[in-house]
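Descriptive structure summary
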Amino acid sequence: MSKPIILCVDDEKDILQSLRTQLMEAFGSAYTYEVAEDADEALEVIDELIEDEMQIILIVSDWLMPGMKGDEFLIKVHQKFPNVIKIMLTGQADEIAIQRAKEQANLHCCLFKPWSEAELVETLKSGLAQLD
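In this report, the structure presented in the accompanying data block is examined.

On to the overall build of the chain. A tally of helices and strands in the chain yields 5 helices and 5 strands. If you list the helices and strands of the chain from N to C, you get β-α-β-α-β-α-β-α-β-α. The C-alpha atoms of the chain give a radius of gyration of 13 Å, which matches the 14 Å a tight globule of 132 residues would have. Taken over the C-alpha atoms alone, the chain extends approximately 40 × 30 × 30 Å along its principal axes. Here the chain, with 132 residues, has 45% of them falling under the buried criterion. Roughly 6,900 Å² of accessible area belongs to the chain as shown, and the carbon and sulfur atoms make up 48% of that amount. The distance from the centre of the 11 positive side-chain charges to the centre of the 26 negative ones in the chain is 2 Å.

Written out as structure tokens, the structure is:
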């Protein structure tokens, strides 16, 4: 059985690298960490992983990205995969977008950039606890 997957989506490579590093330090090899640089790429990655019968358990997504915004992306994901834990990461999401993601994507939490590693890890732990 393959390890469950945590997917990080952000249009800034530095952010993706930072997220991956912090998650690996916090959770080690318990999960597989995938990344995508925008919502469209993330949807392709999700389709490929599902096709390979891999289980995505949590998504951390930026809000402001080229093309599709994070709230729209998370709503799309929620429609197909309601059990995936969804966390939005943003430097400038408006309250309406956050509220829409909470209502229509069952958003677990919204973290604001710059986030603290402790805050990120605690948020993921509380999200993952919902899976048990």
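On to the pairing of strand β3 (residues 56-62). Remark: a regular strand shows side chains that alternate across the two faces of the sheet. Most of β3 sits inside the fold, with 7 of its 7 residues counted as buried. Pairing of strand β1 (residues 5-9) with β3 involves 5 bridges; the strand directions are parallel. Looking at β3, one finds that cysteine 8 is bridged to valine 60. Once you follow β3 into helix α3 (residues 70-80) and on to strand β4 (residues 85-90), the crossover reads as right-handed.

About the cut-offs
- Residues numbered from 1 in each chain as written.
- Predicted model: local features only at pLDDT ≥ 70, side-chain atom pairs only at ≥ 80, totals over all residues.
- Heavy atoms only, no water.
- Helix = DSSP H or I, 4+ residues; strand = E, 2+ residues; numbered from the N terminus.
- Rg over C-alpha atoms; globule rule 2.2 N^0.38 Å.
- Buried < 20%, exposed > 50% of the residue type's maximum accessible area, 1.4 Å probe, protein only.
- Areas by Shrake-Rupley, 256 points an atom, 1.4 Å probe, with all protein chains shown as cover.
- Lys, Arg positive; Asp, Glu negative; His and termini not counted.
- Charge placed at Lys NZ, Arg CZ, Asp CG, Glu CD.
- Pairing = 2+ DSSP bridges.
- Right-handed = clockwise from strand over helix to strand, strands pointing away.

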